[in-house]
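Examination of the molecular architecture
Read off the chains here:
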Amino acid sequence: MLNALGVSTVVIVGLMVGVEFSVAFIINRILGALPEDSGQLGRAHGGRMLGALMPVWYITSLVLSAVWAVAGWHRPGAGLVVIAAGLLILSVIMSLLLLVPINNRSKTWTPENRPADWKEQSNRWDRYHYARVAVIIAAFALLATALA
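Residues numbered from 1 in each chain as written. Predicted model: local features only at pLDDT ≥ 70, side-chain atom pairs only at ≥ 80, totals over all residues. Heavy atoms only, no water.

1. A closer look at the packing of aromatic side chains
The description of an aromatic ring pair rests on the distance of the ring centres and on the angle between the ring planes. Under the counting rule described, the total for this entry stands at 2 aromatic pairs. Residues Phe-21 and Phe-25 carry aromatic rings whose centres are separated by 4.7 Å and whose planes lie at 40 degrees to one another, so their mutual orientation is tilted. With Phe-21 and Phe-25 both in helix 1 (residues 2-33), this residue pair falls 4 residues apart, about one helical turn. Using a relative accessible area of 31% as the deciding quantity, one classes Phe-25 as partly exposed. Each residue in the set Phe-21, Phe-25 and Tyr-130 is aromatic and connected to the rest through ring pairs, giving one cluster. (Phe/Tyr/Trp six-rings, centres within 6.5 Å; stacked < 30°, edge-to-face > 60°. Helix = DSSP H or I, 4+ residues; strand = E, 2+ residues; numbered from the N terminus. Buried < 20%, exposed > 50% of the residue type's maximum accessible area, 1.4 Å probe, protein only.)

Next comes the structure, spelled out in C-alpha cells:
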C-alpha cells in the first residue's frame, strides 16, 4: 500500500512539474512570439484555465506527500519525503503570495483594459514562476529518490 502511495505521489507531482515546466519554458515563449495582442490574450486565457486547475493539483500533491511522510515515517527515505513536502508547502506559499495576485489581475486583461505596466507584471510573474518551478523540481527529485 505504501509503495502504491509513493508511486501515485511521484506520478502526480511529476505531471504537475511537467505542466509548470512547459508553461515556463515553452508556452510563454510561444505566446511571446505571437503577433500583436495575441500573446497577451493567450496568457490571460491560460491564467484562467490553469488558475482553476493548478490549485487543486498543488494541494493534492502536498496532501499525498504528507500522507506518504506520515505513513512511511519509520521507513528509509522518509526524510526525503518530509523535505519534499516542505518544498511543496513553500511552492504553495510562493503561489499565494507572489503569483496568484498577478495572475488574478492578468487573467482579466484585454488589449483595451490592461494596465500600462502589463509587460512588467507579466515578466515579474515569469521570474517568480521560474523560482517556483525550481522548487517543485527539487521536491519531485526528492520524492523520486525516496521511492527508489
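Further notes follow.
2. Notes on the confidence of the model for the chain
In the predicted model, the chain carries a mean pLDDT of 95, and 100% of its residues have values of at least 70. Element-level pLDDT for the chain is lowest in helix 2 (residues 38-71), with a mean of 94, against a maximum mean of 97 in helix 4 (residues 118-147). (pLDDT = per-residue confidence, 0-100.)

3. Quick look at the layout of surface pockets
One way to see where empty space is left: roll a probe the size of a water molecule over the atoms. In this structure, the largest pocket spans a volume of roughly 650 Å³. Residue lining of the largest pocket: 34 residues in total, with Gly-47, Leu-50, Gly-51, Asn-103 and Trp-125 positioned closest to the centre. Of all the secondary structure elements, the ones that give two or more residues to the lining of the largest pocket are helix 1, helix 2, helix 3 (78-106) and helix 4. Looking at the lining of the largest pocket, the element that brings in the most residues is helix 2, giving 14 residues. (1 Å grid on protein atoms, 1.4 Å probe; cavity = no way out; pocket = protein on both sides within 12 Å on 5 of 7 lines; lining within 4 Å. Points joined across faces, edges and corners; volume = space filled by probe spheres on them.)

4. Here we look at a nonpolar patch on the surface
On the surface, a cluster of nonpolar side chains totalling about 650 Å² of accessible area is made up of Phe-21, Phe-25, Ile-26, Ile-27, Ile-30, Leu-34, Tyr-130 and Ile-137. Broken down by secondary-structure element, the contributors of at least two residues to the nonpolar patch are helix 1 and helix 4. The biggest single contributor to the nonpolar patch is helix 1, with 5 residues. Among the secondary structure elements, Ile-30 is positioned in helix 1. The exposure class of Ile-30 is partly exposed, given its relative accessible area of 48%. (Patch = residues over 30% accessible without salt bridge, like charges linked within 9 Å, V, L, I, M, F, W, Y side chains within 5 Å. Areas by Shrake-Rupley, 256 points an atom, 1.4 Å probe, with all protein chains shown as cover. Salt bridge = Lys/Arg side-chain N within 4 Å of Asp/Glu carboxyl O.)

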